[in-house]
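Observations on the model geometry
One letter stands for each residue in the lines below.
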Amino acid sequence: MKLTRKQVLAGAAASALGAAGAYELVDRLGGEAPRRKSVGRMGAGEQHALELGVIEDDGVEVVVPPRHHQLVTATVAAGDIRAAQRELEDALVDLERRYDPTTPAGLGVTIAWGAPYFQHRVPDQAHVHLPVDRRASGAKGRQQRALLDAIRFPSDPDETILERNDVVVLLRSDSGDHLAAGAKALFTDLDIFHVTSIRKGFVGGGLPKRMALAAGIPGADLIPDGAQLFLGFTSTQKDGLGPRRIANIETLGYADLGPKDYFRGGTHMHVSHLFENLEAWYLNFDFRERVDTAFRPGLKVKPNAQTVRQGRHDVEHEAGVKRDFQVRGRIGHSAAIQTTSRLQRDIVADDGTVFRRGTAVPQRADFNTLDNPFAWSVKPERDGMQETPAAGVHFVVFNPTSDDFHRNRLAMDGVLPDGTRLPLPARARGQGFNSVLRTTHRQNFLVPPRRHRSFPLAEL
């Protein structure tokens, strides 16, 4: 019997979900898996927060990220979304019985939903219950939802694809087998989604160099031996990541949750893919300039350090970023983003918690990849799929709202909170990392709380 194109694509997707491919090397090259502490069963609140554990590196506390990562994007195939809601929730509960959901020693599953889902599947309910971004609405003079369509930023190429997926699932674990089991349970055993892409990768001290060398990536030999990510610097300093609840929609008061607080305990998730030019980074930038670029110009750092302190007392402000540009003609990546990603004053949260000035808000969950640009795509021509591996990053970050992420990303391009636009050409050498990065895809998603993670609003 001849297979239809749909059957062929479905079979290819199922194969890609389960096949480790080059990523089977992660376990072989990564050594012993990190020791993790379980915190028991998950509650009804945040589904995006995992218990990761902390170590100390060079006097700085560093969060230990999951070793294996996989993103799966999809559209909804189910006609009856209330029945699909029950099926998906049953599958998730079964996975939680098999694997501890609170720590990467088991399996972390985070499900987020795109604007197309809310617009086409539950439009009336979404109109009532989707959170409204108070801060963005005030700035724009019209209502702005907490979930907005993705935009291209000044340093993005014109070719950057703004995606329109219904859903994305982020799977995180120290075990590749757990990851494969989770993907099979949600996308092969269930018939409620059409998979549109599969994106795989890794994080961990020493893995980037070993994986890049094994894949024959140009510039792989230049990556520092113990680096956590391809570009050499540690990105998971504890003080550089938002505390557990700070990225929730409700915590900082940026958004109005609506009449029933349906999305309390949820957050916003941005997903993008970027290619990284490792040869340009290591050959064209000496260590001094890499520090200037990654952090801020002139920052004093021990030679060849990988973990650089980014505590709340080390935060740069708008005046400093402007001064760096005026004096040196460049801005630092962290310094520019800190003008929006760190609290500019003490804030008392909705539950009475006091977050001090300089505290980070975003919670990053990005990971390196050899995908080019994805491990699998339903539209390989549109997505520019290539068979050869390539160095890149699947960027994943949790912020309270889309607008909050947009503010952070615009600051990376020299667009500061007070409206100042530093005259930096797109992807200029003086514009942080941008000269060695190329963004191929972007999309924003809303992460419901765990109690509403399966087809949110369908029951209404």
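Bear in mind that the values here come from a model prediction, so they are computed numbers and not experimental data.

Concerning the overall build of the chain
Looking only at helices and strands, the chain features 14 helices and 17 strands. Taken over the C-alpha trace, the chain has a radius of gyration of 21 Å; the compact-globule value for 460 residues is 23 Å, and the two agree within 12%. Sequence-distant contacts, at least 24 apart, represent 79% of the contacts inside the chain between residues at least 6 apart. Approximately 19100 Å² of the chain is accessible, and the part contributed by carbon and sulfur atoms is 49%. The distance from the centre of the 60 positive side-chain charges to the centre of the 56 negative ones in the chain is 2 Å.

Notes on the pairing of strand β2 (residues 60-63)
By the bridge criterion, 4 bridges tie strand β1 (residues 54-57) to β2 in an arrangement that is antiparallel. In the sheet register, D57 faces β2, and the bridge partner there is V60. The turn joining β1 and β2, which pair antiparallel and follow one another in sequence, is formed by 2 residues; a positive phi near 55° is taken by D58.

A closer look at helix α7 (residues 176-188)
Helix length check: α7, at 13 residues, gives a terminal C-alpha distance of 17 Å against a target of 18 Å (1.5 Å per residue), a fit within 8%. Three or more residues of α7 are buried, namely H178, L179, A181, G182, A183, A185, L186 and F187. For α7, the side-chain oxygen to backbone nitrogen distance between the N-cap and D177 is 3.3 Å, and the N-cap itself is S175.

Observations regarding the nonpolar core
Among the nonpolar cores identified, the biggest contains 46 residues, and L88, W113, F118 and F455 are the most heavily contacted of them. When contributions to this core are tallied by element, the ones reaching two or more residues are β3 (68-76), α3 (81-98), β4 (108-113), α4 (115-120), β7 (167-173), α7 and β8 (193-202). Excluding its chain neighbours within four sequence positions, the residues that come into contact with F455 are V76, I81, A84, Q85, L88, W113, Y117, I192 and F193. Judged by nonpolar contacts, the second largest core, of 36 residues, contains A220, A227, F233 and M412.

Examining the packing of aromatic side chains
In the structure shown here, the tally under the stated rule is 16 aromatic pairs. When the centroid spacing of 5.2 Å and the interplanar angle of 75° are considered together, the rings of Y117 and F118 count as edge-to-face. Both residues of the pair, Y117 and F118, belong to the buried class. Between F202 and F230, the ring centres sit 6.0 Å apart and the planes meet at 85°, which makes this aromatic pair edge-to-face. Of this pair, F202 sits in strand β8 while F230 sits in the loop between α8 (207-215) and β9 (255-256), and the two are 28 residues apart along the sequence. Accessibility expressed as a relative area gives 0% for F230, which makes it buried.

Digging into the packing of α3 against α7
In the contact formed by α3 and α7, the axes pass within 9 Å of each other and the chain directions differ by 160°. Accordingly, the angle class assigned to the pair α3 and α7 is roughly antiparallel. With respect to the hand of their crossing, α3 and α7 are arranged in right-handed fashion. Contacts between α3 and α7 involve L88, A91, L92, L95 and R98 from the former and A181, G182, A185 and L186 from the latter.

Structural notes on the pairing of β4
Among the 6 residues in β4, 6 count as buried, and that is most of the element. Across the two faces of β4 the burial is the same, with G108, T110 and A112 and V109, I111 and W113 all buried. With 6 bridges connecting them, β4 and β7 associate as antiparallel partners. Within β7, the residue paired with V109 across the bridge is L171.

A closer look at a negative patch on the surface
Together, D80, E87, D90 and D191 give the surface a local cluster of negative charge. Mapped onto the elements, D80 comes out in the loop between β3 and α3. Take D80: its relative accessible area is 45%, and that puts it in the partly exposed class.

Some words on the pattern of salt bridges
A side chain of one charge can pair with a side chain of the opposite charge if their charged atoms are brought near each other. Summed over the entire model, instances satisfying the criterion amount to 32 salt bridges. With a closest N to O distance of 2.9 Å, E89 and R453 form a salt bridge. One end of the pair, E89, is in helix α3; the other, R453, is in the segment after β17 (437-447), and 364 residues separate them in sequence. A relative accessible area of 24% means that E89 is categorised as partly exposed. Linking R199 and E163 is a salt bridge whose minimum nitrogen-to-oxygen distance equals 2.9 Å. Of this pair, R199 sits in strand β8 while E163 sits in the loop between β6 (161-162) and β7; the two residues are 36 residues apart in sequence, bridging distant segments of the chain. Comparing R199 with E163 shows no difference in burial state: the two are buried.

Conventions we followed
- Residues numbered from 1 in each chain as written.
- Predicted model: local features only at pLDDT ≥ 70, side-chain atom pairs only at ≥ 80, totals over all residues.
- Heavy atoms only, no water.
- Helix = DSSP H or I, 4+ residues; strand = E, 2+ residues; numbered from the N terminus.
- Rg over C-alpha atoms; globule rule 2.2 N^0.38 Å.
- Contact = heavy atoms within 4.5 Å.
- Areas by Shrake-Rupley, 256 points an atom, 1.4 Å probe, with all protein chains shown as cover.
- Lys, Arg positive; Asp, Glu negative; His and termini not counted.
- Charge placed at Lys NZ, Arg CZ, Asp CG, Glu CD.
- Pairing = 2+ DSSP bridges.
- Expected span 1.5 Å × (residues − 1).
- Buried < 20%, exposed > 50% of the residue type's maximum accessible area, 1.4 Å probe, protein only.
- Polar contact = N/O pair within 3.5 Å; in protein donor to acceptor, adjacent residues only side chain to side chain.
- Core = buried A, V, L, I, M, F, W, Y, C linked by side-chain atoms within 4.5 Å.
- Phe/Tyr/Trp six-rings, centres within 6.5 Å; stacked < 30°, edge-to-face > 60°.
- Axes fitted to C-alpha atoms, helices over the stretch in contact; angles between N-to-C directions.
- Parallel < 35°, antiparallel > 145°, perpendicular 65-115°, else oblique.
- Left-handed = near helix turned anticlockwise from the far one by under 90°.
- Patch = residues over 30% accessible without salt bridge, like charges linked within 9 Å, V, L, I, M, F, W, Y side chains within 5 Å.
- Salt bridge = Lys/Arg side-chain N within 4 Å of Asp/Glu carboxyl O.

Don't take any of this as a statement about function, it's just geometry.
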